[in-house]
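So you can see what is in the structure, the chains are spelled out below.
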Amino acid sequence: MDIRPNHTIYINNINDKIKKEELKRSLYALFSQFGQIVDIVAMKTMPMRGQAFVVFKELTAATNALRQLQGFPFYNKPMRIQYAKTDSEVIAKVKGTYGDKEKKKEKKKKAQESAAAANLAKKPAVVSDAPIIMVCCHFQVPDNPPNYILFLSNLPEETNEMMLSMLFNQFPGFKEVRLVPGKHDIAFVEFESDTQAGVAKDALQGFRITATCAMKITYAKK
């Protein structure tokens, strides 16, 4: 039986060697491009290893994430994604129980969210196969002539190669990410052509890996 769409997606087949905090940061970096994330639950206890839940504020964000990241190579293992059986499954998995009182609260909250989602659904939606990127703010960044290598700055301290690779390898022509030893806030990303680099630059300009750091992207100096 098909599981009804809801705000929470369930992910399994995750590499269980990844530390919990790094896993949560990487999941946030990957999934936040689709919309606002309310919560990420990842546990290292044996029954829950290799699994995680991502809770989105909007139903459409959960749907887009599920469709576009199905089978995505996350730490060298293809992710398997489906809707959680119910939005309350996160709490039930963590606590092991889910009382009637909590169920009523969740039901009321779900009804309110559904009503809000229904109002948003009345607005015309644009459907596209292209990567969907949620950019928090657009700003003008002084740039160099087009180049197949991009220069990234204003990166948060916890940025790692995997996070940046997950963001950029959804664009055609992606080759590699190069971090700068001793400098956590800058990096280089190489593409096969300057045109392909330009597409990624425009799409991810201002993307926030964390809430406080908006990534700045320019063409690298030749």
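Here the structure is shown first, and the text comes after it.
Treat the numbers as computed from the prediction; the structure is a model and nothing was measured.

Asks: Can you break down the nonpolar core residue by residue, with the values?
Replies: Looking at soluble globular proteins, one finds that nonpolar side chains tend to be buried together. One finds I9, I11, F31, F56, F74 and M79 to be the most contacted residues of the largest nonpolar core, which totals 27 residues. Contributions of two or more residues to this core are made by β1 (8-12), α1 (20-31), β2 (37-42), β3 (52-56), α2 (59-69) and β6 (80-83). Look past the residues within four positions of F31 in its chain and what remains in contact with it is I9, I11, I37, V54, F56, A65, L69, M79 and I81. Grouped together as the second largest cluster of nonpolar side chains are 22 residues, L155, F171, F191 and M215 included.

Asks: Report on the sheet that holds β3, specifying residues and quantitative values.
Replies: Within the open sheet, the 4 strands sit side by side as β2-β3-β1-β6. Their pairing is antiparallel. The open sheet is flanked by β2 and β6, the only strands paired with a single partner. On average, each strand axis in the sheet is tilted by 20° relative to the strand beside it, whichever way the strands run. The sheet contacts of α1 involve β1, β2, β3 and β6, and relative to β2 the element is tilted by about 145°. Against the sheet, α2 makes contact with β1, β3 and β6, and its axis sits at roughly 155° relative to β6, the strand it touches most.

Asks: Tell me about empty space enclosed by the protein, and please be specific about residues and values.
Replies: For the coordinates displayed, the defined rule picks out 1 cavity of 30 Å³ or more. Its boundaries defined by the atoms lining it, the largest cavity holds a volume of some 40 Å³. Along its surface, the largest cavity is lined by I14, N15, D16, L23, M43, K44, M48, G50 and Q51. For the lining of the largest cavity, the class distribution of residues is 4 nonpolar, 3 polar and 2 charged.

Asks: Explain the sheet that holds strand β9 (residues 183-191) to me, and be specific about the residues and the numbers.
Replies: The 4 strands lie next to each other as β8-β9-β7-β12, forming an open sheet whose pairing is antiparallel. Each of the sheet's edge strands pairs with one partner strand only, and the pair in question is β8 (174-180) and β12 (216-219). For this sheet, the mean angle separating the axes of adjacent strands, direction not counted, is 25°. In this sheet, β12 lies alongside strand β7 (residues 149-153) in antiparallel orientation, the contact comprising 4 bridges. In the strand pairing of β12, S153 is matched with K216. Set on the sheet, helix α5 (residues 161-168) makes contact with β7, β8, β9 and β12; between it and β8 the angle comes to about 150°. Contacts between helix α6 (residues 194-204) and the sheet are confined to β7, β9 and β12, with β12 contributing the most and set at about 160° to the helix.

Asks: Just give me the short version of the packing of aromatic side chains, but keep the residues and values in it.
Replies: A full pass over the atoms with the stated rule returns 6 aromatic pairs. Judged by centre distance (5.9 Å) and plane angle (75°), the rings of F174 and F191 are edge-to-face. A residue pair is termed long-range when its members are at least 10 positions apart, and F174 in strand β8 and F191 in strand β9 qualify at 17 residues. Across the pair, F191 and F174 agree in class, each one buried.

Asks: So what about α2? Which residues, and what values?
Replies: Helical geometry: 3.6 residues make up each α-helical turn, so side chains three or four residues apart lie on a common side. Those residues of α2 not exposed but buried are A61, A62, T63, A65, L66 and L69. Residues of α2 that are buried sit in contact with β1, α1, β3 and β6. G71 occupies a position one or two residues after α2 and carries a positive phi of about 80°.

What counts and what doesn't
- Each chain has its residues counted from 1, running along the sequence as written.
- Per-residue local features of the predicted model are confined to residues with pLDDT of at least 70, and side-chain atom pairs are confined, for both listing and counting, to 80 or more; whole-chain, interface and lining totals are unaffected and use all residues.
- Each side-chain value is worked out from all heavy atoms of the structure, with water and hydrogens disregarded.
- Take the buried Ala, Val, Leu, Ile, Met, Phe, Trp, Tyr and Cys residues and link them wherever side-chain atoms come within 4.5 Å; each set so joined is a nonpolar core.
- The buried label applies to any residue whose accessible area, calculated with a 1.4 Å probe on protein chains only, is under 20% of its type's maximum; exposed applies above 50%, and partly exposed to all values in between.
- Helix and strand assignments follow DSSP, with helices taken as H or I runs no shorter than four residues and strands as E runs no shorter than two, numbered in order from the N terminus.
- Contact definition: two residues touch when any of their heavy atoms are within 4.5 Å.
- We treat two strands as partners when DSSP finds at least two bridges between them.
- Under this scheme, a helix contributes an axis fitted over its contacting stretch, all axes are lines through C-alpha atoms, and angles between N-to-C directions fall in the 0 to 180 degree range.
- The definitions used throughout rest on a 1 Å grid laid over the protein atoms alone, on which a cavity is an enclosed set of points accommodating a 1.4 Å probe that cannot get out and a pocket is an open set flanked by protein within 12 Å on both sides along at least five of seven lines; lining residues are those having an atom within 4 Å of a point.
- Grid points are joined across faces, edges and corners, and a volume is the space filled by probe spheres set on the points.
- Side-chain classes follow a simple rule in which Ala, Val, Leu, Ile, Met, Phe, Trp, Tyr, Cys and Pro form the nonpolar group, Asp, Glu, Lys and Arg form the charged group, and the remainder, Gly included, forms the polar group.
- A pair of Phe, Tyr and Trp rings is counted when the ring centres sit within 6.5 Å of each other, with Trp represented by its six-membered ring. The angle between the planes then sorts it: under 30 degrees is stacked, over 60 is edge-to-face, the rest tilted.

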